[in-house]
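# Overview (structure and organization)
In case you want the letters, here they are:
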Amino acid sequence: MARYVALFGSINVGGNRLTMAELRAAFEVEGLTNVETVVASGNVLFDHDDRPTVGLEEKLERMMRQRFGMRSIAAVRSRDELAAAIADNPFAADGAANLVHTLFLDGDPDPDQFAVLVADHAGRGPERLAIGPRALYVDYAGGAGNSRLTMPFIERRLQCRGTARNMRSLARIVAKLDATQQD
């Protein structure tokens, strides 16, 4: 069995209310094991047979639609993929852990579309941007809550859906993955 994390977008924001107990129960009904949530924003650790994460994403997005009527991205990553999202973020070394984010995307961002995103965002704020594998790295230097670099703005330009986590949250999730793999 492999250990994964599912990072859901738009859970417990914008009217999409769901308890973590309901979410854990839905995972268990789907045959996923060792299910555990990390904070109440849609981070779910689970075990499953080793397989490509894209197939798991489709399964979990379908589960959310069918069981809860929610259209939510489910970015599924292994422990190593999550750790790489921290290590590969070029802003993690000099940015604040609560302001530097990895946006987990449902596909690889096209470099040409990334160039459009950067051009369209020029002059709109102090954010720094970089792309990675199925990821966009962002330093929300002025604060994510006040930024004009919103998820819809990003998704329209990259033609990818995503969900964001800051470095502090990602470190907490990786630590939890490490702790549960040692048990």
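Below is a short write-up of the structure. Position numbers for residues count from 1 along each chain, tracking the sequence in the order it is written. Owing to the predicted nature of the model, reporting of local features is limited to residues with pLDDT of at least 70; listing and counting of side-chain atom pairs is limited to 80 or more, with chain, interface and lining totals taken over all residues. Water and hydrogen atoms were dropped before computing side-chain values, which therefore reflect all heavy atoms in the structure.

### Examining unusual backbone geometry
Applicable threshold: Under the scheme used here, helices are H or I runs from DSSP no shorter than 4 residues and strands are E runs no shorter than 2 residues, and both carry numbers assigned from the N terminus.
If you check the backbone angles, R134 has positive phi at about 50° while not being a glycine. Among the secondary structure elements, R134 is positioned in the loop between β6 (128-132) and β7 (135-139). The backbone of Q159 shows a phi angle near 60°, a positive value even though the residue is not glycine. Assignment of secondary structure puts Q159 in the loop between α5 (151-158) and β8 (162-166).

### With respect to α5
What counts is decided by this rule: Burial classification: accessible surface area is computed with a 1.4 Å probe over protein chains only, and a residue below 20% of its type maximum counts as buried, one above 50% as exposed, and the rest as partly exposed. Each direction from the helix axis to a C-beta atom contributes to the arc, which is the arc of those directions. Two residues form a contact once any of their heavy atoms are found within 4.5 Å.
Every buried residue belonging to α5 is among F153, I154 and L158, and all of these are buried. Buried residues of α5, viewed axially, fall in a sector of 110°; they line one side. The inward-facing, buried residues of α5 contact β5 (100-105), α4 (111-121) and β7. Just beyond α5, the residue with positive phi is Q159, at close to 60°.

### As for the side chain of R165
In plain terms, the rule: The sign given to each residue is positive for Lys and Arg and negative for Asp and Glu; His and the chain ends receive no count. When a carboxyl oxygen of Asp or Glu is within 4 Å of a side-chain nitrogen of Lys or Arg, the pair counts as a salt bridge.
Note on placement: R165 falls in strand β8. Summary of buried charges: R165 has no salt-bridge partner, and the nearest side chain of opposite charge, E155, is 11 Å away. Apart from residues lying up to four places away in sequence, R165 is in contact with L7, F8, S41, G42, N43, V100, H101, T102, F104 and L170.

### A closer look at the packing of helix α1 (residues 20-29) against helix α2 (residues 53-68)
For the record, the criterion: With axes taken as lines fitted to C-alpha atoms, and helix axes fitted only over the stretch in contact, angles between N-to-C directions fall between 0 and 180 degrees. Handedness of each helix crossing follows the sense of rotation of the near helix against the far helix: counterclockwise by less than a right angle gives left-handed, clockwise gives right-handed. Three residue categories are used. Nonpolar comprises Ala, Val, Leu, Ile, Met, Phe, Trp, Tyr, Cys and Pro, charged comprises Asp, Glu, Lys and Arg, and polar comprises the others, including Gly.
Where α1 contacts α2, the two axes come as close as 11 Å, and the packing angle between them is 115°. Our pair here, α1 against α2, has a crossing hand that is right-handed. Here α1 contributes E22, L23, A26, F27 and V29 to the contact with α2, which in turn contributes L60, M63, M64, R67 and F68. Of the residues assigned to the contact of α1 with α2, the class counts are 8 nonpolar, no polar and 2 charged.

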